[in-house]
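# Residue-level structural notes
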Amino acid sequence: MRASLLAGLVALATGSAAAPTLRSSSPYAVKERHAVPPSWSVVGEAAKSHVLDLQIGLKQSNRDVLEQHVIEVSDPGHARYGQHLSAEEVNALVAPAEDTLHLVTKWLREHGIADPQLSPAKDWIHVAIPVAKAEELLNTTYSHFKHVDGSDIVRTAEWSLPEHLHEHVDVIQPTTSFFKTSRQSNDIAPDDSERWWQPMPPQYHVCNLSAICNASFTTLECIRTLYGTIDYVPQAPEKNAIGVTDYLGETQNRSDIEIYLNDFRPEAAGIAYKFPITLINGAVDQQTRLNATELAARGLIVEGDLDGELVIGISWPTTFMSWATGGSPPYNPDLATPTNTNEPYLEWLTYVLANSSLPQVISTSYGDDEQTVPYSYAKRVCDGFMQLGARGISVLFSSGDAGVGSNGTCFSNTDPTKEMFLPAFPASCPWVTAVGGTKDFQPEVAVSRFGSGAGFSNYFGRPAYQTAAVEGYFAKIGNLYAGLYNTTGRGYPDVAAQGNHDVIVWAGNVTTVGGTSASSPTFAAVIALVNDALIARGRPALGFLNPWIYGGAYKALNDIISGSSIGCNSSGFPAEVGWDAVTGYGTPNFGKLVGAAFHTGVPWTEWSK
């Protein structure tokens, strides 16, 4: 069955390819322009010797066919639900036409680039070239830009291609993307006291939630109790896996992980020095013990530790791994080798898409304003997440910590006089599950110390799976903030989890941290345990979650009906009964989610009794 399916997909992909054209040259014309965000400014010319890791995204084949596959295998009401595609099958579908590959590689050869690196699907070409060569290749001029936070990149506001290549190339980066992988965590608050927490005995797990959970610090025991995973024993940890992504020099400090697990999940402490950390694009696995001041001086905060500690703490002994991707070191105008001033999401995404074996769940806690990247970049990255969904991988992103936009920044890049809410990316991608933040416990409410990322995309239309949910929300809020957001855009977040005062260990000390950076790994870890229950009984992992959630599994979530997202000098989108644009459908209830996973297709009234 799988062999015949693969053969059919290959035939479909190759059958759509056109014969190579004889046309080999044409005048250059601008392919893309993108307004420079106001937070970035030019400080000078880019050094001609500065090396760029140029990534050329070729036009893929059969995108509509792939989308149909993803929807079918992710829709609980479809006969093909759970029949995920392999990496080879996905590659066969998206492989570009022979004409496309022929023309683009010929163009590169004409510019002296003879041996470009191709992705397994041949839809990405990677070349490391100096700025001078990139300017010649793209008929553009690169500049050295500086962000208001002091970070540097090399970019351009527009780039060109020979006209006959426009239809064959979707995206080339780094060029016009000013995407900055901002961490979605804040409010680090080290505690100087000695072991101020007191683990509660097992008999308190159900009846004394108020004794376990404290509004000032949310411990691992509180999270596991609140979301119902504390008494679950994973049954197929060797067949099930979860991974997290790190950027900006972050990774998991193994000594911090060990301290955290010894204190909060002692039976799991042995994993601290065993789980793999995969390094991509020059990332460094920094394991030297530094104090908080030294780490902050290097721009390293808590992200790696936060993600690793929560995921392992909740999902152990499920297999855990992480990726660390280089992406934004200080600009060095004299560097003569490939640098990391490139596009970390593309670096990570093309790396994982090239691997046939991946964790069933992946969580990421980084993002930026959607308008900082050109549409071509956002779409191609989003399509990459769709490819992962086709393979049965659940991709979760934190929704952001600026609510509907940071105060004082809520204006259009192209028209500085136009006020608007600022959706976040990649949370706005319809092929990921975006996770908002909550606080308190009985009941939970939308977090208010920071703005839980919320809103509607200006790039991606509303997907069919959430039409009823979003229209129901609009019926409740009426004309609130009319004109400040796109009413036809993809709404997010989809779900939520605790993200207020999560207790972690960082730089050897117990610390609390807030942000949706805590929410995404928490929800992801719960999903990993749901997958464990499925896999142990011979069933496939959940895969792309959203059709399942919006199709009925939302009834297994704890609906959040109080609070709002704040931002843009407003109170932001309010929480409401049902789906809302601040907490989505709510927070996880593990027992009910397992029930929803096992009773797919059966009316809620028959299995929720």
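Residues numbered from 1 in each chain as written. Predicted model: local features only at pLDDT ≥ 70, side-chain atom pairs only at ≥ 80, totals over all residues. Heavy atoms only, no water.

Summing up its helical and strand segments, the protein has 18 helices and 27 strands in all. In the protein, once contacts between residues fewer than 6 apart in sequence are set aside, the share between residues at least 24 apart is 82%. Accessible surface, the protein as shown: approximately 22,100 Å² in total, 52% of it carbon and sulfur. (Helix = DSSP H or I, 4+ residues; strand = E, 2+ residues; numbered from the N terminus. Contact = heavy atoms within 4.5 Å. Areas by Shrake-Rupley, 256 points an atom, 1.4 Å probe, with all protein chains shown as cover.)

Moving on: the packing of helix α12 (residues 344-353) against helix α13 (residues 375-390). Between α12 and α13, the shortest axis-to-axis distance is 11 Å and the interhelical angle comes to 30°. Relative to α13, α12 is oriented roughly parallel. Along this stretch, α12 crosses α13, giving a crossing that reads as left-handed. On α13, the residues touching Tyr345, Leu346, Trp348, Leu349, Val352 and Leu353 of α12 are Tyr377, Val381, Gly384, Phe385, Gln387 and Leu388. (Axes fitted to C-alpha atoms, helices over the stretch in contact; angles between N-to-C directions. Parallel < 35°, antiparallel > 145°, perpendicular 65-115°, else oblique. Left-handed = near helix turned anticlockwise from the far one by under 90°.)

Contact pair helix α2 (residues 63-74) / helix α3 (residues 87-94): the axes reach a minimum separation of 8 Å and the direction vectors enclose 145°. Of the two possible hands of crossing, α2 and α3 adopt the one that is right-handed. In this structure, α2 contributes Val65, Leu66 and His69 to the contact, and α3 contributes Val90, Leu93 and Val94. A class-by-class count of the residues in the contact of α2 with α3 yields five nonpolar, one polar and no charged. (Nonpolar A, V, L, I, M, F, W, Y, C, P; charged D, E, K, R; others polar.)

Under the definition given, this model contains three disulfides. At a sulfur-sulfur separation of 1.9 Å, the disulfide partner of Cys213 is Cys222. Between Cys213 and Cys222, the S-S torsion sits near 110°, and that sign places the bridge as right-handed. Across the pair, exposure class does not vary: Cys213 and Cys222 are buried alike. At a sulfur-sulfur separation of 2.0 Å, the disulfide partner of Cys382 is Cys429. Taking the sign of the torsion about the S-S bond as the criterion, the disulfide between Cys382 and Cys429, at about 85°, is right-handed. Here Cys382 is found in helix α13, whereas its partner Cys429 is found in the loop between β18 (424-425) and β19 (433-439), with 47 residues between them in sequence. (Disulfide = S-S within 2.5 Å. Buried < 20%, exposed > 50% of the residue type's maximum accessible area, 1.4 Å probe, protein only.)

Counting 131 residues, the largest nonpolar core has Trp348, Phe385, Leu388, Trp548 and Phe573 as the members making the most contacts within it. A total of eleven residues in this core trace back to one element, the largest contributor, which is helix α15 (residues 516-536). For this core, the domains that each give at least three residues are domain 1 (28-60 + 95-173) and domain 2 (209-232 + 239-598). Leu54, Trp107, Tyr142 and Leu165 belong to the second largest nonpolar core, which has 25 residues in total. (Core = buried A, V, L, I, M, F, W, Y, C linked by side-chain atoms within 4.5 Å. Domains from an automatic or database assignment.)

Another aspect to go through is the pattern of salt bridges. A full pass over the atoms with the stated rule returns 14 salt bridges. Notably, a salt bridge pairs Glu110 with Lys106, separated by 2.6 Å at the nearest N-O pair. Residue Glu110 and its partner Lys106 are both found in helix α4 (residues 98-110); the two are separated by four residues, about one turn of the helix. The partly exposed category is assigned to Glu110, whose relative accessible area is 47%. For the salt bridge of Arg490 with Asp494, the shortest nitrogen-to-oxygen distance reads 2.8 Å. Asp494 carries the same exposure label as Arg490, and that label is buried. Several salt bridges converge on common partners, so that one network encompasses Arg63, Glu67, Lys379 and Asp383. (Salt bridge = Lys/Arg side-chain N within 4 Å of Asp/Glu carboxyl O.)

With 13 residues, α4 extends 18 Å between its outermost C-alpha atoms, agreeing within 8% with the 18 Å of an ideal straight helix rising 1.5 Å per residue. Of the residues one or two after α4, Gly112 is the one with positive phi, at around 80°. (Expected span 1.5 Å × (residues − 1).)

Let us now look at the pairing of strand β3 (residues 51-58). The element β3 is largely enclosed, with a buried count of eight among its eight residues. Side chains Val51, Asp53, Gln55 and Gly57 project from β3 onto one buried face, and the interleaved Leu52, Leu54, Ile56 and Leu58 project onto a second face that is buried too. Looking at chain direction, β3 and strand β5 (residues 124-130) are connected through seven bridges and run antiparallel. Each residue of the ladder has a partner; that of Leu54, found in β5, is Val127. (Pairing = 2+ DSSP bridges.)

Fine structural detail should not be taken from predicted coordinates in areas where pLDDT scores are low. Per-residue pLDDT for the protein has a mean of 86; in total, 85% of the residues score no lower than 70. Long-range and interchain partners of residues 328-342, a stretch whose pLDDT sits below 50, account for 38 contacts in this model, where long-range means more than four residues apart. (pLDDT = per-residue confidence, 0-100.)

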